[in-house]
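Per-entry structural report
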Amino acid sequence: MNSRTKSDENQELVRNTDQAQGGVRYAGKPELQQTEALRNYNRFICRLFRREYEGGVILDFGAGIGTLADQMSDLGDIVCVEIDPEHSEALRAKGYEVLSSIDFLKDETVSFAYSSNVLEHLDDDLGALRAIHQKMRPGGRLALFVPAFESIWTALDDRIGHKRRYTQESLTDVVARSGFRVENAYYVDSIGFLLALLSRLIGSKDGSLNTAHLVIFDRVIFPISCAMDMICRHLFGKNVYLVAQK
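Note that the structure is a prediction, hence the values are computed from the model and not measured.

This part takes up the overall build of the chain. Helix and strand counts for the chain come out as 10 helices and seven strands. Among the 246 residues that make up the chain, the fraction classed as buried is 51%. Restricting to contacts in the chain with at least 6 residues of sequence separation, those with at least 24 account for 78%. Here the chain has roughly 11500 Å² of accessible surface; of this, 54% comes from carbon and sulfur atoms.

Written out as structure tokens, the structure is:
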């Protein structure tokens with residue numbers, strides 16, 4: 001029998017996703033700023049998320065500098081969870097409610113939670129998902145977007161502090177173990193997967209990004225990749241998208 005109590009799990013979550021008093025700061029800040037240039041990519045993620053919203057309080061788990069919250073805020077009230085102090089201040093300056101830990105939310109108050117490219121940074125992704133489940137009302141919905149496949153791990157993953165990349169199966173497993181009922185999961189950005197494989201061979205050895213290359217990818221390649229995903233979505237892609245319900 002598991003001897004860990006809910007309080008134990010909450011305390012572990014605070015250590016893993018808060019630690020604000022210790023001055024936790026996101027390692028990939030320059031890269032996060034650069035990804036602001038990915039207009040099509042960010043709009044695409046928000047379109048996926050918006051499909052799942054059915055009203056009520058929205059939780060942006062790992063809100064960063066508000067790239068997605070800015071495109072989601074017209075739907076309803078958003079509560080942002082963000083551990084980086086500078087990012088938190090930027091979010092507050094935009095008028096968002098910001099918490100340094102999900103533990104400060106009341107249980108069963110969230111109707112819809114989304115998170116993009118965050119879980120892979122956490123030591124305890126299962127603990128974080130269990131905490132989200134605890135804060136969500138019955139019937140509430142969860143949408144996740146995360147990096148896929150260890151086989152395309154590059155220096156960029158090390159540079160920005162990734163702990164893992166997921167598969168459709170591994171993400172489904174951890175979400176189901178946290179208490180959610182998984183409705184759908186599939187891969188996104190099939191061409192991006194192929195480019196990442198190429199990057200392992202000839203890409204930057206230090207994992208640095210080129211903003212001009214990002215813009216070309218976003219404007220020219222990503223729309224084609226989305227079309228190709230209709231064929232490849234259950235085979236491979238650079239990311240995994242998952243939808244679940246409490």
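On to unusual backbone geometry. The phi dihedral of N117 is positive, around 55°, even though this residue is not glycine. Mapped onto the elements of the fold, N117 is located in the loop between β4 (110–116) and α6 (125–135). Classification of N117 as partly exposed rests on a relative accessible area of 25%. Here D189, not a glycine, exhibits a phi torsion of approximately 70°, which is positive. D189 gets classed as buried once you look at its relative accessible area, which sits at 0%.

According to the stated counting rule, one finds 12 aromatic pairs in the structure shown. Ring plane angle 70° and centroid distance 5.6 Å describe the contact between Y41 and F222, whose orientation is recorded as edge-to-face. Placement of Y41 in helix α3 (residues 39–50) and of F222 in helix α10 (residues 211–232) is noted, with a sequence separation of 181 residues between them. The exposure class of Y41 is buried, given its relative accessible area of 9%. Aromatic pair Y186 and Y241: ring centres 5.6 Å apart, planes at 65°, arrangement edge-to-face. Here Y186 is found in strand β6 (residues 181–188), whereas its partner Y241 is found in strand β7 (residues 239–245), with 55 residues between them in sequence. Comparing Y186 with Y241 shows no difference in burial state: the two are buried.

Count 3.6 residues to each turn of an α-helix, and residues three or four apart come out pointing the same way. Between its first and last C-alpha atoms α3 spans 16 Å; for 12 residues at 1.5 Å apiece the expected length is 16 Å, and the two agree. Turning to α3, its buried residues are Y41, N42, F44, I45, C46, L48 and F49. Of the surrounding elements, those touching the buried residues of α3 are α4 (69–72), β4, β5 (136–147), β6, α10 and β7.

Take the nonpolar core next. It is characteristic of soluble globular proteins that their nonpolar side chains tend to be buried jointly. If you look at the biggest cluster of nonpolar residues, it comprises 36 residues, and the most contacted ones within it are L119, I132, L142, L171 and V175. When residues in this core are grouped by element, the largest group, five residues, is from α6. In contact with V175, other than residues within four places in its own chain, are L129, L142, L144, F180, V182, L242 and A244. I45, C46, A69 and Y114 belong to the second largest nonpolar core, which has 29 residues in total.

This paragraph deals with the pattern of salt bridges. Under the criterion given, the structure shown has 14 salt bridges. The closest approach of N and O atoms between D157 and R165, which form a salt bridge, is 2.7 Å. In terms of burial, D157 and R165 fall into one category: buried. Notably, a salt bridge pairs R177 with D173, separated by 3.1 Å at the nearest N-O pair. One end of the pair is R177 and the other is D173, both in helix α8 (residues 168–177) and four residues apart, which spans about a single turn. Look at the salt bridges and you will find they share partners, linking E52, R141, R181 and E183 into a network.

So, how was this worked out
- For every chain, the first residue of its written sequence is number 1, and the numbers climb from 1 along that sequence.
- It should be noted that, the model being predicted, local features are given only for residues of pLDDT at least 70 and side-chain atom pairs only at 80 or more, the latter also being counted only at that level, while totals for whole chains, interfaces and linings use all residues.
- With hydrogens and water set aside, each side-chain value is computed from the structure's full complement of heavy atoms.
- We count a stretch as a helix when DSSP gives it H or I for four or more residues in a row; a strand needs E for two or more, and each element gets its number in order from the N terminus.
- Accessibility here uses a 1.4 Å probe with only protein chains present; expressed as a share of the type maximum, an area under 20% marks a residue as buried, one over 50% as exposed, and anything in between as partly exposed.
- Note on contacts: a residue pair qualifies if any of its non-hydrogen atoms lie within 4.5 Å across the two residues.
- The Shrake-Rupley method, run with a 1.4 Å probe sphere, supplies the accessible areas, and residue values consider only the shown protein chains as cover.
- Pairing of aromatic rings covers Phe, Tyr and Trp, the last through its six-membered ring, and needs centres within 6.5 Å; plane angles under 30 degrees mean stacked, over 60 mean edge-to-face, and all others mean tilted.
- In a helix, the anticipated span is given by 1.5 Å times the number of residues less one.
- Working definition of a nonpolar core: buried Ala, Val, Leu, Ile, Met, Phe, Trp, Tyr and Cys residues. They are joined through side-chain atoms within 4.5 Å.
- Put simply, a salt bridge is a Lys or Arg side-chain nitrogen that is within 4 Å of an Asp or Glu carboxyl oxygen.

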